[in-house]
Amino acid sequence: MDGVIVDSEPLHVAAFQATLKNDGYDLSDEQYKQHFAGKTDEAGFKQYFDFIGETVDLPVIMDKKATAYLELAADRLVPYPVVIDFIKSLAEQGTPLALVTGSLRAEAEVTLKTFGLTDFFSSIIAAEDISQSKPSPEGYLKGARALRAMPSDCIVIEDAPSGVKAARAAGMRCLAVTTTHTKEELREATAITDRLRPGCIDSL
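This report concerns the structure included in the present document. Along each chain, numbering runs from 1 in the same order as the chain's sequence is written. A pLDDT threshold of at least 70 governs which residues receive local features in this predicted model, and a stricter bar of 80 or more applies before side-chain atom pairs are shown or counted, although totals over entire chains, interfaces and linings include all residues. Excluded from the side-chain calculation are hydrogens and water; included are all heavy atoms of the structure.

## What to know about the overall build of the chain
Stage number 1. Of the regular secondary structure elements, the chain holds eight helices and five strands.
Stage number 2. Over its C-alpha atoms, taken along the principal directions, the chain stretches across nearly 50 × 35 × 30 Å.
Stage number 3. Expressed as a percentage of contacts within the chain between residues at least 6 apart in sequence, the contacts between residues at least 24 apart total 57%.
Stage number 4. Residue burial considers only the protein chains on display, and all accessible areas are found by Shrake-Rupley using a 1.4 Å probe. Split by element, the accessible area of the chain, about 10000 Å² in all, is 50% carbon and sulfur.
Stage number 5. Only four residue types enter the tally: Lys and Arg on the positive side, Asp and Glu on the negative side, with His and both chain ends excluded. Charge positions are represented by NZ for Lys, CZ for Arg, CG for Asp and CD for Glu. A gap of 5 Å separates the mean positions of the 21 positive and 31 negative side-chain charges of the chain. In this text, helices come from DSSP runs of H or I with a minimum length of four residues, and strands from runs of E with a minimum of two, each type numbered from the N-terminal end. Residue contacts are counted whenever heavy atoms from the two residues lie within 4.5 Å of one another.

## Remarks on the packing of aromatic side chains
Stage number 1. Only Phe, Tyr and Trp rings are paired, with Trp represented by its six-membered ring, and only when their centres lie within 6.5 Å; those with planes under 30 degrees apart are stacked, over 60 edge-to-face, the remainder tilted. According to the stated counting rule, one finds nine aromatic pairs in the structure shown.
Stage number 2. An angle of 85 degrees between the planes, with centres 5.4 Å apart, marks the rings of Phe36 and Phe45 as edge-to-face.
Stage number 3. Exposure categories follow from relative accessible area, calculated using a 1.4 Å probe and restricted to protein chains: below 20% of the type maximum is buried, above 50% is exposed, and the middle band is partly exposed. Here Phe45 falls in the buried class, since its relative accessible area comes to 0%.
Stage number 4. Ring centres of Phe36 and Tyr48 lie 5.8 Å apart, and the angle between their planes is 40 degrees; on these two criteria the pair is classed as tilted. A residue pair is termed long-range when its members are at least 10 positions apart, and Phe36 in the loop between α2 (29-35) and α3 (41-52) and Tyr48 in helix α3 qualify at twelve residues.

Next up, the structure:
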């Protein structure tokens, strides 16, 4: 979802930075990319605080971040160009779609509802549904089971290196989109594109 359907990465960065700043920590953009990008909030916070050698109440700080994000997302969510048409074209072709995201379910539901996409996804696998964050394949394997599909029949669309690794570990083909990372960073993907548009997965 984040970095693929919606340009929400800046909102997540702002929410993490505001939450941490209120607790006396300064999170740089580079630290966000290193510790949080492509991961669940829980995994990101764990990695960040392990890195700086601090201990915090994870459920409390995760709730603060979720609240900050939803406040920012209320009127600032922006989809990537043509991606709505891309999703609708897949649905019109009868392609089963599952949303697998490291974001919380509430965040995913807000995004889908905002852009009228709720009915296009038969399943949502969110942060609450997995025990291991990307690059673990757990989320994508659960997505395949929700679609009653073999992993080898699935195509994952990703924007982050950890997500590409998760897709490959799940035995799935992966189309990477260069919205938040470079081609070099996404080089393990099956194919790479600069934007999602109707027909862009046909070669896969």
